[in-house]
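Residue strings, one per chain:
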Amino acid sequence: DMFDKRNRPPKMVVGSRTFLAYYYLVVPTDRLQDSDKLYLNHTRLYADHPWIYSGKVLETTKERLAQLFKDYSIGIHNENARFFLNNALTLYRDFDGNPVEIFRTCGSTVEGVLAWRNNYEKEQGCNPLLGFEHKIASLYLLYLAEFGALPFPRDAFAVDVHIIFQLYQVGGFTLHKRMDNSVIARI
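Residues numbered from 1 in each chain as written. Predicted model: local features only at pLDDT ≥ 70, side-chain atom pairs only at ≥ 80, totals over all residues. Heavy atoms only, no water.

1. Here we look at the packing of aromatic side chains
And step 1. This model, assessed by the stated rule, comprises 18 aromatic pairs.
And step 2. Pairing Y23 with Y39 gives two aromatic rings, centres 6.1 Å apart and planes at 35°, and the pair type is tilted. Of this pair, Y23 sits in helix α1 (residues 17–26) while Y39 sits in helix α2 (residues 35–48), and the two are 16 residues apart along the sequence. This pair shows no difference in class: Y23 is buried, exactly as Y39 is.
And step 3. Ring plane angle 20° and centroid distance 5.4 Å describe the contact between Y24 and F132, whose orientation is recorded as stacked. Highlighted residues: Y24 in helix α1 and F132 in the loop between α6 (110–124) and α7 (134–146), separated in sequence by 108 residues. F132 carries the same exposure label as Y24, and that label is buried.
And step 4. Taken together, the ring pairs connect F19, Y22, Y23, Y39, Y46, Y53, F69, F84, Y143 and F147 into an aromatic cluster. (Phe/Tyr/Trp six-rings, centres within 6.5 Å; stacked < 30°, edge-to-face > 60°. Helix = DSSP H or I, 4+ residues; strand = E, 2+ residues; numbered from the N terminus. Buried < 20%, exposed > 50% of the residue type's maximum accessible area, 1.4 Å probe, protein only.)

Below, the structure is given as structure tokens:
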């Protein structure tokens, strides 16, 4: 199970604000690698450097965080460090460390998250939720619903490449030209 003791830091209470903030920071790093290994690596990193998953992470550099991600096999370490710090800034500066408020502000829907993110980017000149596209926004909203933090999102569907391949193989759609997985996921 995604949230069993093996995949989360020890002594972290499931559904707590700390737990939800931890997953808010971790979930966008879940790309292009084995998810089970990724979450175990984050658990190891948390055990050795818990400050990374708190507002104290804003005191470090992208380069230092990227090196830690590399040392702990956290995927695309440079890009994930950039995403992580950006999202931590949004979480701790704009929402006092409460990720539920980010998604409640957006209406608790994937489309609401993406619309809020796009409006914020137009007004502020920066993306407040790097990595939160349809799949990751869906995934995190489903987690928030699973723990009773928000209602079930009516438009969430965490499409990944496995689902795309299965739908393609059974004739769920036909491609007339080469498309990126993210385009297919939106459709």
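Let's pick the thread back up.
2. Structural notes on helix α4 (residues 77–94)
At 3.6 residues per turn, the α-helix brings residues three or four places apart onto the same side.
And step 1. Between its first and last C-alpha atoms α4 spans 25 Å; for 18 residues at 1.5 Å apiece the expected length is 26 Å, and the two agree.
And step 2. Listed as buried for α4 are N80, A81, F83, F84, L85, N86, N87, A88, T90 and L91.
And step 3. Close packing links the buried residues of α4 with α1, α2, α3 (62–71), α5 (99–105) and α6. (Expected span 1.5 Å × (residues − 1). Contact = heavy atoms within 4.5 Å.)

3. So, the nonpolar core
And step 1. Counting residues in each nonpolar core, the largest one holds 49 residues, and the members touching the most others are Y24, F103, Y140 and L144.
And step 2. No other element matches the 8 residues that α1 contributes to this core.
And step 3. When near neighbours in sequence (up to four residues on either side) are disregarded, Y24 contacts N87, T90, L91, P99, I102, F103, P128, L129, F132 and Y140. (Core = buried A, V, L, I, M, F, W, Y, C linked by side-chain atoms within 4.5 Å.)

4. Some details on the side chain of N127
And step 1. If you trace the backbone, N127 turns up in the loop between α6 and α7.
And step 2. Overall, N127 belongs to the buried group, its relative accessible area being 14%.
And step 3. Of note is the side chain of N127, whose polar atom sits 2.8 Å from the backbone nitrogen of L129.
And step 4. Apart from the residues lying within four places of it in its own chain, the contact partners of N127 are N86, R117 and E121. (Polar contact = N/O pair within 3.5 Å; in protein donor to acceptor, adjacent residues only side chain to side chain.)

5. Digging into the pattern of salt bridges
And step 1. With the rule as written, the count across this model stands at 4 salt bridges.
And step 2. In this structure, D96 and R17 form a salt bridge, with 3.9 Å as the shortest nitrogen-oxygen distance. Of the two residues, D96 is situated in the loop between α4 and α5 and R17 in helix α1; the sequence distance between them amounts to 79 residues.
And step 3. Its relative accessible area of 62% is what places D96 among the exposed residues.
And step 4. Of the residues examined, R17 reaches a relative accessible area of 41% and is grouped as partly exposed.
And step 5. Linking R93 and D94 is a salt bridge whose minimum nitrogen-to-oxygen distance equals 2.7 Å. (Salt bridge = Lys/Arg side-chain N within 4 Å of Asp/Glu carboxyl O.)

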